[in-house]
Amino acid sequence: MIGVFGGTFDPVHYGHLRSALEVKELFGLDEVRLIPCKLPPHRDQPDATPTMRLDMLQIAIQDQSGLVVDARELNRDGPSYMVDTLQSLREDFPKHPLLLFIGSDAFEKLLSWHRWQELFDFAHVVVLIRPGYALANVDTFFLARLVVNQSELSSSLAGRVFFQPVTQLDISATAIREMIARKQSPRFLLPDGVIKYIHQNRLYQTH
Ligand code: ATP
């Protein structure tokens, strides 16, 4: 099984990295592909260029086997729609179940994603929830696809929904950018190599 973890990664931080490693181990994945978006469809445009966000990801995961940086969204024109990304991954990996990991905040907005129903043609969706999070107002489309045993995800290539409790680190890229603009140290929130890159390229100095 292959994990897919999309995001802006402006910049990548230990919240992302820790989650990616935890899900890799929890689900026994061959790899987790971290996929930076080029043009996020649902939010303000990032501060760092796509190439810089890609560089920072590469620096962050260089010593970690099983985490892979995947640049396919940067090589595509137009908005970075996840459905296109999953379709292209499915072409590359026709026989592997794909697990798309999304946070519960993103899951609440999933019905507004471009061609969202088709995500399930290409991948399972694993929602990372805070321990104790109550499943309220979940659309019947998802309830019909819900599985409660993790093992059921490996028996088909796509189409299921699974809720996975994880302990989330309280780190956000927005808070890191603001800290840097205020000339405070973001150390211990993201890898030192990424901080060095941010300084060398004078990123996030104004907000
Ligand atoms: P920003 O503050 O700029 O919105 P962010 O830190 O939320 O950024 P994104 O790149 O937007 O990071 O997030 C990519 C993915 O990582 C999303 O699925 C999001 O839910 C998840 N994520 C973000 N922060 C954390 C965290 N601290 N722990 C676990 N997952 C996270």
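See the structure shown above.
Quick summary incoming for the structure in this document. (Residues numbered from 1 in each chain as written. Predicted model: local features only at pLDDT ≥ 70, side-chain atom pairs only at ≥ 80, totals over all residues. Heavy atoms only, no water.)

A contiguous nonpolar surface patch, about 360 Å² in accessible area, is contributed by Leu135, Leu143, Leu146 and Val148. If you trace the backbone, Leu146 turns up in the loop between helix H6 (140-143) and strand E6 (161-165). According to the relative accessible area criterion, Leu146 is partly exposed, its value standing at 31%. (Patch = residues over 30% accessible without salt bridge, like charges linked within 9 Å, V, L, I, M, F, W, Y side chains within 5 Å. Areas by Shrake-Rupley, 256 points an atom, 1.4 Å probe, with all protein chains shown as cover. Salt bridge = Lys/Arg side-chain N within 4 Å of Asp/Glu carboxyl O. Helix = DSSP H or I, 4+ residues; strand = E, 2+ residues; numbered from the N terminus. Buried < 20%, exposed > 50% of the residue type's maximum accessible area, 1.4 Å probe, protein only.)

It is worth spelling out helix H2 (residues 50-61) at this point. One full turn of an α-helix is made of 3.6 residues, so residues set three or four places apart face in the same direction. The terminal C-alpha atoms of H2, which comprises twelve residues, lie 17 Å apart, in line with the 16 Å expected from a rise of 1.5 Å per residue. Arg53, Leu54, Met56, Leu57, Ala60 and Ile61 are the residues of H2 that are buried. Taken end-on, H2 shows its buried residues confined to a sector of 160°, consistent with a single buried face. Looking at the buried side of H2, the elements it contacts are helix H1 (14-26), strand E2 (31-36), strand E3 (67-69) and helix H8 (192-200). (Expected span 1.5 Å × (residues − 1). Arc of directions from axis to C-beta. Contact = heavy atoms within 4.5 Å.)

The ligand sits among 19 residues. The nearest are His13, His16, Leu169, Ala173 and Thr174. At a separation of 2.8 Å, an oxygen atom of the ligand approaches a polar side-chain atom of His13. Between a nitrogen atom of the ligand and a main-chain N or O atom of Gly15, the distance comes to 3.5 Å. Summarising the interface, the protein chains cover 83% of the accessible area of the ligand, which totals 610 Å² for the free molecule. Listing elements by their share of the shell around the ligand, those giving two or more residues are strand E1 (2-7), H1 and helix H7 (173-181). For the shell around the ligand, a count of residues per class yields five nonpolar, eleven polar and three charged. (Near = heavy atom within 4 Å. Polar contact = N/O pair within 3.5 Å; in protein donor to acceptor, adjacent residues only side chain to side chain. Nonpolar A, V, L, I, M, F, W, Y, C, P; charged D, E, K, R; others polar.)

This part takes up the pairing of E1. Examined bridge by bridge, E1 and E2 share six bridges and lie parallel to one another. Following the sheet pairing, Val4 is matched in E2 by Arg33. The β-α-β motif built from E1, the intervening H1 and the parallel element E2 has right-handed crossover chirality. Strand direction decides the pairing type here: E1 and strand E4 (residues 98-103), joined by three bridges, are parallel. Across the sheet, the residue bridging to Ile2 is Leu98, located in E4. (Pairing = 2+ DSSP bridges. Right-handed = clockwise from strand over helix to strand, strands pointing away.)

Before going further, it helps to spend a moment on the environment of Gly159. With respect to the helices, strands and loops of the structure, Gly159 is situated in the loop between H6 and E6. Given the relative accessible area of 14%, Gly159 is considered buried. Sequence separation between Gly159 and Gln117 is 42 residues, and the spatial gap between their C-alpha atoms is 9.5 Å. Dropping the residues within four chain positions of it, Gly159 is found in contact with Phe120, Ala123, His124 and Arg145.

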